[in-house]
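# Report on the structure
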Amino acid sequence: MIDLITIKVKAGDGGKGSAAFRHEKFYPNGGPFGGDGGHGGNIYFEVDTNETTLSKLRFTRNVKAGNGGDGMTKKMHGKDGDDVTIKVPLGTMIRNKATGDLLADLTKPKQIVLIARGGKGGLGNVHFATSRNSAPDYAQPGQPGEVLELQIELRLLADAGLIGLPSVGKSTFLSVVTNAKPQIAAYHFTTLEPNIGVVTLPDERSFVLADMPGLIEGAGEGKGLGHEFLRHIRRCRVLIHVIDMNGEESEPWDAYEVINNELKTYDLDLENRPQIIVANKMDGEYAQDYLEEFKKRYPDLEIYETSTLMHKGLEPILYKAMELIEESRRQEEENTEKEEIVVYRYEPKQPVFKIVNLGNHRWKVESDRVDRLVDMVDFESEESVYEFAMLLRRMGIEDALRNEGCENGDQVIVGTYIMDFED
Ligand SMILES: Nc1nc2c(ncn2[C@@H]2O[C@H](COP(=O)(O)OP(=O)(O)OP(=O)(O)O)[C@@H](O)[C@H]2O)c(=O)[nH]1
Ligand SMILES: [Mg+2]
């Protein structure tokens, strides 16, 4: 199972604003007439429950969204760049590789998240006409789109998990009801990592099913593949508890008790997770006798009889699982507040800028956002510089400088630019 992948994403750049002027028959020296650049395309990730692994992304190294078109004369906007949506399985977690920050945890079907934002298109010169300058020949460049290196991880997020002692037929079950191709063998611990598949019922409803490594006595304290295994099933809504009713390795009731004890040891909650009890290997020689005895011991238990090997008795289990899963989803929905479908990625809250007093009437504004803006300013153009100064004011940087004690005539370093402070 491929479950960790690194890709680079680049959202589209914004298009340039246009600095055109009106040149028409009756307006030989018309005013500024340049339209805005289009916005760069965004990059989204979306949950697609038909996907169960990240293997489709295996050969993807770079993903780019479309750039915005440049603004044109006659106030025409440039075209917005095309968005890109990357489909991933349920349970995908997306991190910023550089910082390790979690950007998104995709835990709901159809969930969509914006991961890299396209750059804004630059404004055309029509926006910059002022009383001082009615014919600005300046237009904004577009902002660059966000570039991120992402680490994408798939955490198993199965709705239902197959549990039981080793070699009871869990992987066989999975292989018969989904198109997953797990390894199946007569020896113990054939399954080391869960395999997952999608069960689709004849009525089109579907859920994600995973087989689990066999559980043994002491797993709750870390024996066998203990803790690893239990970590995987924590998020399952339903447990399908498979018992070898032919008693090849142990008496079925012992097997049943061992598993339930392990669930209890590990986590109180798992014990109460809905369980479907499956009596497997009913094609076996001793199965009927064992089953009779088992029913005597647990008269209240609903038991599903199967032979996974012969593909028998499986469908009722799938319907039952589906019913329990839907019930659990409904409960979850009731318990969680309504969420927007598009969830913006988590962004750590931090001030946008920081003022540093360098002493000697020198100050520094530290801010990634402002640094990016500085790169866009055309310092040859009075309009552009003026606009930049206004922006610093709107962002509250001017006030902040003054509050810190910055006075007229002091030098302020902003990004690569040094300016004199004045009201
Ligand atoms: N007779 C019989 N044998 C079965 C049945 N289901 C599975 N087996 C056999 O049991 C053995 C173990 O099957 P697996 O599906 O690998 O069992 P598992 O529970 O996934 O085992 P681990 O991954 O090792 O925990 C294989 O030899 C299967 O062919 C069944 O219904 N009847
Ligand atoms: Mg297995």
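Note that the structure is a prediction, hence the values are computed from the model and not measured.

A few words on the site of ligand 1. Around ligand 1 lies a shell of 25 residues, among which G169, S171, T191, G214 and L309 are the nearest. A class-by-class count of the residues in the shell around ligand 1 yields eight nonpolar, 13 polar and four charged.

So, about the pairing of strand β5 (residues 92-96). In this structure, β5 lies alongside strand β6 (residues 102-106), joined through four bridges in antiparallel fashion. Directly across from M93, in β6, lies its bridge partner D105. Joining the antiparallel neighbours β5 and β6 is a turn of five residues, in which G100 adopts a positive phi near 80°. Across five bridges, the pairing between β5 and strand β8 (residues 147-154) is antiparallel. If you follow M93 over to β8, its bridge partner there is E153.

When the terminal C-alpha atoms of helix α8 (residues 382-394) are compared, their 18 Å separation across 13 residues agrees well with the 18 Å that a helix rising 1.5 Å per residue should span. When α8 is considered as a whole, its buried residues turn out to be E387, F388 and L392. The buried residues of α8 occupy an angular sector of 145° when projected down its axis, which confines them to one face. Structural note: α8 exposes M390, R393 and R394 on the side pointing more than 90 degrees away from its buried face.

Among the five residues that make up strand β2 (residues 43-47), four are buried, leaving the element largely enclosed by the rest of the structure. Here five bridges tie β2 to strand β4 (residues 84-88), and the two strands are oriented parallel to one another. By the bridge assignment, Y44 is partnered in β4 with T85. As defined by bridge partners, β2 adjoins strand β7 (residues 112-116) across four bridges and the pair is classed as antiparallel. Among the inter-strand pairings, Y44 is bridged to a residue of β7, identified as L114.

Looking at the assigned domains, one finds that the protein contains domain 1 (1-155), domain 2 (160-334) and domain 3 (354-420). Taken over C-alpha atoms, the centre of domain 1 sits 27 Å from the centre of domain 3. Broken down by class, the residue content of the side of domain 1 that touches domain 3 amounts to four nonpolar, three polar and no charged.

Turning our attention to unusual backbone geometry. Phi is positive for K75, close to 60°, though the residue is something other than glycine. Along the chain, K75 falls in the loop between β3 (62-64) and β4. Residue K75 is classed as partly exposed on the basis of its C-beta count, with 17 C-beta atoms lying within 10 Å.

This part is about the sheet that holds β5. In sheet architecture, strand pairing relies on hydrogen bonds along the backbone and comes in two forms, parallel and antiparallel. Spatially, the five strands line up as an open sheet ordered β3-β1-β8-β5-β6, and their pairing is mixed. For this open sheet the edge positions go to β3 and β6, each flanked by a neighbour on one side alone. On average, each strand axis in the sheet is tilted by 25° relative to the strand beside it, whichever way the strands run.

A separate point is the sheet that holds strand β18 (residues 411-414). With mixed pairing, four strands are arranged side by side in an open sheet as β16-β17-β18-β19. Edge positions in the sheet fall to β16 (354-359) and β19 (417-420), since each has one partner strand and no second. This sheet shows a mean twist of 25° between the axes of neighbouring strands, independent of strand direction. Direction of pairing for β18 relative to β19: antiparallel, over a ladder of four bridges.

Thresholds, definitions, all that
- Residues numbered from 1 in each chain as written.
- Chains lettered and ligands numbered in written order.
- Predicted model: local features only at pLDDT ≥ 70, side-chain atom pairs only at ≥ 80, totals over all residues.
- Near = placed C-beta within 6 Å.
- Nonpolar A, V, L, I, M, F, W, Y, C, P; charged D, E, K, R; others polar.
- Pairing = 2+ DSSP bridges.
- Helix = DSSP H or I, 4+ residues; strand = E, 2+ residues; numbered from the N terminus.
- Expected span 1.5 Å × (residues − 1).
- Buried ≥ 20, exposed ≤ 12 C-beta atoms within 10 Å, placed from the backbone.
- Arc of directions from axis to C-beta.
- Domains from an automatic or database assignment.
- Axes fitted to C-alpha atoms, helices over the stretch in contact; angles between N-to-C directions.

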